[in-house]
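Structural characterization, general
Here are the chains, one letter per residue:
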Amino acid sequence: MIDPRIENMAKVIVEYCLGLKTGELLRIESSFLAEPLVKAVYREALRAGALPYTRINLPELAEIFYRYASTEQLTFLSEIEQREAEILNARLHINSDLN
């Protein structure tokens, strides 16, 4: 069963906060901890006609990266990320903690 509070929050995010329209590209970033909201936003974005995709991260990866990355790795920006920044219409990052 879907929590109606999460569904309502997703509608507010998609319709009001992001104002997504048909054909707009949305990247949803989060960890697995926000799974219910990620799914709800994804669903609402599809209903709005947008083109959503997800990037799910593990919280520990950032700590590993900053502890072990070289200077070159720290300053590297991939061509994929550069292109993404140019073509995205909206980007949503959802932070979540364990209850």
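Presented here is an overview of the structure given in this document. (Residues numbered from 1 in each chain as written. Predicted model: local features only at pLDDT ≥ 70, side-chain atom pairs only at ≥ 80, totals over all residues. Heavy atoms only, no water.)

Considering the pattern of salt bridges
We apply this condition: By definition here, a salt bridge exists when the distance from a side-chain nitrogen of Lys or Arg to a carboxyl oxygen of Asp or Glu is within 4 Å. Helix and strand assignments come from DSSP, with helices taken as H or I runs of at least 4 residues and strands as E runs of at least 2, each series counted from the N terminus. Each residue is assigned to one of three classes by its accessible area relative to the maximum for its type, calculated with a 1.4 Å probe on protein chains only: buried under 20%, partly exposed between the two thresholds, exposed over 50%.
Counted under the stated rule, the structure contains 10 salt bridges. Two residues, K39 and E35, come together in a salt bridge whose shortest N-O distance is 2.7 Å. Taken together, the positions of K39 and E35, both in helix α2 (residues 35-47) and four residues apart, correspond to about one turn of that helix. A relative accessible area of 47% places K39 in the partly exposed class. Owing to a relative accessible area of 41%, E35 belongs among the partly exposed residues under this scheme. When the shortest N-O distance is used, the salt bridge between E63 and R67 registers 3.3 Å. Residue E63 and its partner R67 are both found in helix α3 (residues 59-68); the two are separated by four residues, about one turn of the helix. The pair E63 / R67 is uniform in exposure class, with both members exposed. Several salt bridges converge on common partners, so that one network encompasses R27, E29, R55, E84 and R91.

Here's the deal with the packing of helix α1 (residues 4-17) against α2
Our working definition: Under this scheme, a helix contributes an axis fitted over its contacting stretch, all axes are lines through C-alpha atoms, and angles between N-to-C directions fall in the 0 to 180 degree range. An angle counts as roughly parallel when it lies under 35 degrees, as roughly antiparallel when it exceeds 145, as roughly perpendicular when it falls between 65 and 115, and as oblique in every other case. For any helix crossing, the convention is left-handed if the near helix is rotated counterclockwise from the far helix by under a right angle, and right-handed if that rotation is clockwise. Here a residue-residue contact requires only that any non-hydrogen atoms of the pair lie within 4.5 Å.
Between α1 and α2, the shortest axis-to-axis distance is 8 Å and the interhelical angle comes to 50°. Taken as axis vectors, α1 and α2 run oblique relative to one another. Considering only the axes of α1 and α2, their crossing is right-handed. Counted together, I6, E7, M9, A10, K11, I13, V14 and E15 of α1 and P36, L37, A40, V41, R43, E44, A45 and R47 of α2 form the full contact between these two elements.

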